[in-house]
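Here is what each chain is made of, one letter per residue.
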Protein chains: 2
Amino acid sequence: MWKIIIILMASLVPVALLAWQAAAQIDPLPSWTEGDAKKSVMQFVGRVTKKGSPDFVPPMERIAVFDNDGTLWAEQPVYFQGQFVMDRVHALAPQYPDWKEKQPYKAVLENDLKALAASGQKGLLELVMATHAGMTTEEFDRIVKDWLATARHPKFKRPYADLVYQPMLELLAFLRANDFRTFIASGGGVEFLRAFCDARYGIPPEQVIGSSIVTRYEVHDGRPALVREPKLDFIDDGEGKPVGINKFIGRRPIAAFGNSDGDFQMLEWVTAGTGPRFGLIVHHDDAVREFAYDRASAVGKLDRGLAEAPKRGWTVVSMTSDWKRIFPFENN
Amino acid sequence: MWKIIIILMASLVPVALLAWQAAAQIDPLPSWTEGDAKKSVMQFVGRVTKKGSPDFVPPMERIAVFDNDGTLWAEQPVYFQGQFVMDRVHALAPQYPDWKEKQPYKAVLENDLKALAASGQKGLLELVMATHAGMTTEEFDRIVKDWLATARHPKFKRPYADLVYQPMLELLAFLRANDFRTFIASGGGVEFLRAFCDARYGIPPEQVIGSSIVTRYEVHDGRPALVREPKLDFIDDGEGKPVGINKFIGRRPIAAFGNSDGDFQMLEWVTAGTGPRFGLIVHHDDAVREFAYDRASAVGKLDRGLAEAPKRGWTVVSMTSDWKRIFPFENN
């Protein structure tokens, strides 16, 4: 009897071993080509998760921050939230007949990008407030979700939330499988982001940091609500990113992922901490499959980051050569 | 042979069953007396965690928010952070000889509480800025930790961080064992709180929401730092609590725990959501073991909350009758 049991058990060992080896060999980043960028990510995760290693980082401190526009999803020809603003101006125009003759609304309604640019930051801010304030947080969430369900990107003719980068989705999943918590630190509006980040990236609302406007607590007929006010609260861009990350997370992440100079200070702050650190910049150099832009771009300008990445030890990803596939909808 | 195996296995069944029953019967809230308050907590947790029940709440949405002062630790005779401010004024005074003749510093240095009160909110704000700003976030963290290690509470002659409520520690652990995530939403300073909340409550920095001052990103000799500025950023109290919770968490918690009218709007907003909701107020009515105060107290005033708790379905905890033990250091 014991013999039979031993034989049975012995026969199971190679099966278990094979299954274990197969699991170990499943590539967590199949859309990344074999090269320095992929290697740098794999090696960093290997170092910080290896127990007993001097570079081991406890799971609670494995925090990674990601920019959104141009890092997790596309941002050309205009930031998607900018397109949302313009679409909302068109949708709201019937309620505001005076917009036809009033800048900066007139510029949007006539698709006059020159006049729009001439309205400057003040004009853009006015458009943001006209489209982002004056409703409850729950109403705004519904407006964003409706827009995401109906609007289409001009080049790809698809919903904007389709234009997320497949290699970055794999990277997020790979980090989380290694007990990292993944946060977004975006210049975009925090409540705009929260409308899709959970469904699209698996990043829950409490792990999303972004720019914000002021909200006010109000109670009507015993029903409380948070009402969005036309007043800036915080701009989570450039030097604002480390400030926002510290405010929300309260500790320095060990890895940061960005694509433009708006991410420079976040990368700088994260990678200046003690212990193992990782910084990565996505370089948009693929005009065929996506868009090619960097130093001179109005949207997602990447100049200083590209110049300083080598000496700072940051990984630069070439979308052309490091990514086999860019969007989830592409044929593999 | 099979017979032996069957007998062996059968003999294990009662052992396993006993172990399972014992585990099921371990009281998660041993410092709570058997009564309505304890029952209400246990029943709420039972309802939202029972799979298939109409009140089941998925783990990701099981978010509970806790006030800190008077809810998780004591707050008399003055808010502990207020004592920190006064102790810092004394510690810094040798560097500022003019404080001896300058209000509101003079009042603190002479322990003249009347003159201090006369300096009003403006005076208190000046003291906060003088003691909380002008250093990096890392330096401030060290200052708070040093103070917590050395300062002693006037009544209990113990470090302030000893004065946490044992029943609330058990409640935090019980909620987390049931896949809740526990957050703090305090009127206290967020970076003051973060210096001890992880060690004391098991609440990590990214789950702490509080009042804040502005920080500025600075780079000196290639080393980046966040410098604390003498400028208010956000007051997380009263109507600010739902605003702060929405800003940081981005969704409405399902349970809220407070003790003063500064928690009223948080409790109101949390318990007004759809689905199962829970609100609890700690009532300080134990002058012997702690302090007794409510409607007329300058610190931790509880008036409206006490009046409206019954009709709003909030549980009111009597520290005298609902808690067997108040502090972890008490003999059981």
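Because the structure is predicted, anything quoted here is derived from the model rather than measured. (Residues numbered from 1 in each chain as written. Chains lettered and ligands numbered in written order. Predicted model: local features only at pLDDT ≥ 70, side-chain atom pairs only at ≥ 80, totals over all residues. Heavy atoms only, no water.)

1. Considering the relation of the copies chain A and chain B
Definition in use: Least squares is used to superpose the copies, and the fit set is the C-alpha atoms of residues whose pLDDT is at least 70 in both copies. Should any heavy atoms of two residues lie within 4.5 Å, those residues are counted as being in contact.
The two copies are related by a screw operation: chain A maps onto chain B through 180° of rotation and 0.0 Å of translation along the axis, at an RMSD of 0.0 Å. Such a turn and shift between the copies fits a two-fold axis. Rotation axis and chain A: the residue whose C-alpha lies nearest the axis is A:Phe248, separated from it by 3.3 Å. The residues that chain A uses at the interface reappear at the interface of chain B in 100% of cases, marking a shared surface.

2. Quick look at helix α8 (residues 166-177) of chain B
Residue and element names in this part refer to chain B. Our working rule: The helix and strand labels rest on DSSP assignments: H or I over at least four residues marks a helix, E over at least two residues marks a strand, and numbering proceeds from the N terminus. To estimate how far a helix should extend, the number of its residues minus one is multiplied by 1.5 Å. Burial status follows relative accessibility: with a 1.4 Å probe on protein chains alone, a residue under 20% of its type maximum counts as buried, one over 50% as exposed, and anything between as partly exposed.
Between its first and last C-alpha atoms α8 spans 17 Å; for twelve residues at 1.5 Å apiece the expected length is 16 Å, and the two agree. Among the twelve residues in α8, nine count as buried, and that is most of the element. Packed against the buried residues of α8 are α2 (36-49), β1 (63-66), β2 (181-189), α10 (197-201), β5 (255-258) and β6 (278-283).

3. Remarks on the side chain of A:Gln83
All names here are of chain A. The topology assignment puts Gln-83 in helix α3 (residues 80-92). What makes Gln-83 buried here is its relative accessible area of 19%. Dropping the residues within four chain positions of it, Gln-83 is found in contact with Val-78, Trp-147 and Tyr-160.

4. Re a nonpolar patch on the surface
Here is the rule: For patch detection, residues must exceed 30% relative accessible area and be free of salt bridges, and they are connected within 9 Å for like charges or within 5 Å for nonpolar side chains (Val, Leu, Ile, Met, Phe, Trp, Tyr). Values of accessible area rely on a 1.4 Å probe in the Shrake-Rupley scheme; residue burial ignores everything except the protein chains shown. We define a salt bridge as a side-chain nitrogen of Lys or Arg found within 4 Å of a carboxyl oxygen belonging to Asp or Glu.
Residues A:Leu125, A:Leu232 and A:Ile235 make up a contiguous nonpolar surface patch of roughly 240 Å² in combined accessible area. Residue placement: A:Leu125 occurs in helix α6 (residues 120-132).

5. Description of unusual backbone geometry
Note the cis peptide between A:Gln76 and A:Pro77, where omega equals -5°. Along the chain, A:Pro77 falls in the loop between β1 (63-66) and α3. Here the residue pair B:Gln103 and B:Pro104 is connected by a cis peptide bond, since its omega of 0° sits within 30 degrees of zero. Its place among the elements puts B:Pro104 in the loop between α3 (80-92) and α4 (105-109). Non-glycine residue B:Asp221 carries a positive phi angle of around 50°. Mapped onto the secondary structure, B:Asp221 falls in the loop between β3 (208-220) and β4 (223-234).

6. Quick look at the packing of α3(B) against helix α6 (residues 120-132) of chain B
Residue and element names in this part refer to chain B. Selection rule: To obtain each axis, a line is fitted to C-alpha atoms, and for helices this fit is confined to the stretch in contact; angles are then taken between N-to-C directions over 0 to 180 degrees. Helix crossings get a hand from a simple test, with the near helix turned counterclockwise from the far one by less than a right angle marking a left-handed crossing and a clockwise turn marking a right-handed one. Residues are sorted three ways: Asp, Glu, Lys and Arg are charged, Ala, Val, Leu, Ile, Met, Phe, Trp, Tyr, Cys and Pro are nonpolar, and all the rest, Gly among them, are polar.
Contact geometry for α3 and α6: axes closest at 9 Å, N-to-C directions at 65°. Like other packed secondary-structure pairs, α3 and α6 cross with a definite hand, here left-handed. In this structure, α3 contributes Gln-81, Phe-84, Val-85, Arg-88, Val-89 and Leu-92 to the contact, and α6 contributes Leu-127, Val-128, Ala-130, Thr-131 and His-132. When the residues that make up the contact of α3 with α6 are grouped by side-chain class, the tally is seven nonpolar, three polar and one charged.

7. Quick notes on the packing of aromatic side chains
So the rule is basically this: Only rings of Phe, Tyr and Trp enter the pairing, Trp through its six-membered ring, and a pair is recorded when the two centres are within 6.5 Å. The plane angle decides the type: under 30 degrees is stacked, over 60 is edge-to-face, the rest tilted. Two limits define a charge over a ring: the Lys NZ or Arg CZ must be within 6 Å of the ring centre, and within 35 degrees of the ring normal.
Inspection of every chain in the model, using the stated rule, returns 49 aromatic pairs over all chains. Residues B:Phe66 and B:Phe257 carry aromatic rings whose centres are separated by 4.3 Å and whose planes lie at 5° to one another, so their mutual orientation is stacked. Linking B:Phe66 in strand β1 with B:Phe257 in strand β5, this pair joins segments that are 191 residues apart in sequence. Residue B:Phe66 is classed as buried on the basis of its relative accessible area, which comes to 0%. In this structure an aromatic cluster arises from ring pairing among A:Trp73, A:Phe80, A:Phe84, A:Phe140, A:Trp147, A:Tyr160, A:Phe192, A:Phe196 and A:Tyr201. When the ring centre of B:Phe329 is taken as reference, the NZ or CZ atom of B:Arg158 above it lies at 3.9 Å.

8. Observations regarding the pairing of β2(B)
Working note: regular strand, side chains alternate between the two faces of the sheet. Residue and element names in this part refer to chain B. What counts, and what does not: When DSSP finds at least two bridges between two strands, those strands are taken to pair.
Summarising burial for β2: eight of the nine residues are buried, a large majority. With four bridges connecting them, β1 and β2 associate as parallel partners. Residue pairing across strands places Phe-66 opposite Ile-184, the latter belonging to β2.

9. As for the interface of chain A and chain B
Keep this limit in mind: When two parts are put together, the accessible area they lose, computed with a 1.4 Å probe and summed over both, is reported as buried area.
Contact with chain A, which involves 33 residues of that partner, is made by 33 residues of chain B. In total, about 3000 Å² of surface goes out of reach between chain A and chain B, with carbon and sulfur atoms giving 55% of it. On the surface where chain A and chain B come into contact, there are eight salt bridges. Mapped onto the side of chain A that touches chain B, the elements with two or more residues apiece are α7 (137-150), β2 (181-189), α9 (190-194), β3 (208-220), β4 (223-234), α11 (240-248) and α12 (264-271) of chain A. For the side of chain A that touches chain B, the element with the highest residue contribution is α11(A), accounting for five residues. Residues of the side of chain A that touches chain B, tallied by class, amount to 16 nonpolar, five polar and twelve charged.

10. Thoughts on helix α7 (residues 137-150) of chain B
For α7(B), built from 14 residues, the straight-helix expectation of 20 Å at 1.5 Å per residue is met to within 8% by its first-to-last C-alpha distance of 20 Å. The secondary structure elements touched by the buried residues of α7(B) are α11 of chain A together with α3, α6, α9 (190-194), β3 and β4 of chain B.

11. Quick word on the pairing of β4(A)
Residue and element names in this part refer to chain A. Pairing analysis gives eight bridges linking β3 to β4, with the strands arranged antiparallel. Within β4, the position partnered with Val-219 by the bridge is Pro-224. Linking β3 back to β4 in an antiparallel pair, the connection comprises two residues, with Asp-221 at a positive phi of about 50°.

12. Description of the packing of α3(B) against α7(B)
All names here are of chain B. Note the cut-off: Comment on the angle field: the value is read as roughly parallel under 35 degrees, roughly antiparallel over 145, roughly perpendicular from 65 to 115, and oblique elsewhere.
Two numbers describe how α3 lies on α7: the axes approach to 11 Å, and their chain directions differ by 100°. Overall, the two elements α3 and α7 adopt an arrangement that is roughly perpendicular. Of the residues in α7, those in contact with Phe-80, Gln-83, Phe-84, Asp-87 and Arg-88 of α3 are Phe-140, Ile-143, Val-144 and Trp-147. Residues that form the contact of α3 with α7 fall into these classes: six nonpolar, one polar and two charged.

13. Some details on the nonpolar core
What tends to happen in soluble globular proteins is that the nonpolar side chains get buried as a cluster. Test applied: We call a set of buried residues a nonpolar core when its members are Ala, Val, Leu, Ile, Met, Phe, Trp, Tyr or Cys and they connect through side-chain atoms within 4.5 Å of each other.
Counting 58 residues, the largest nonpolar core has B:Met168, B:Leu171, B:Tyr201 and B:Phe257 as the members making the most contacts within it. Top element by residues in this core is α8(B). It accounts for six residues. In contact with B:Met168, not counting residues within four places along its chain, are B:Trp32, B:Phe66, B:Thr71, B:Leu72, B:Phe257, B:Val282 and B:Trp323. Listed in part, the 57 residues of the second largest apolar core include A:Val48, A:Trp73, A:Met168 and A:Phe196.

14. Considerations on the sheet that holds β2(A)
Pairing between the strands of a sheet comes from backbone hydrogen bonds, and it takes one of two forms, parallel or antiparallel. All names here are of chain A. Pairing in this open sheet of seven strands is mixed, and the strands run β4-β3-β2-β1-β5-β6-β7 from one edge to the other. Edge positions in the sheet fall to β4 and β7 (315-318), since each of these pairs with one other strand and no more. The average undirected angle you get between the axes of adjacent strands in this sheet is 30°. Where helix α2 (residues 36-49) meets the sheet, its contacts fall on β5 (255-258), β6 (278-283) and β7, and the angle it forms with β6 comes to roughly 155°.

15. Things to note about the side chain of A:Thr136
Within the element layout of this structure, A:Thr136 appears in the loop between α6 and α7. With near-sequence residues (within four places) excluded, A:Thr136 lies in contact with A:Ala225, A:Leu226, A:Val227 and A:Arg228.

16. Some points on the sheet that holds β3(B)
Read from one edge of the open sheet, seven strands run β4-β3-β2-β1-β5-β6-β7 (chain B), paired in mixed fashion. Strands at the two margins of the open sheet, each flanked by one partner only, are β4 and β7 (315-318) of chain B. Put simply, the sheet's adjacent strands are angled 30° from each other on average, direction ignored. By the bridge criterion, four bridges tie β5(B) to β6(B) in an arrangement that is parallel. In the sheet register, B:Gly258 faces β6(B), and the bridge partner there is B:Ile281. Its contacts with the sheet put α11(A) on β3 and β4 of chain B, and the angle it makes with β4(B) is roughly 65°.

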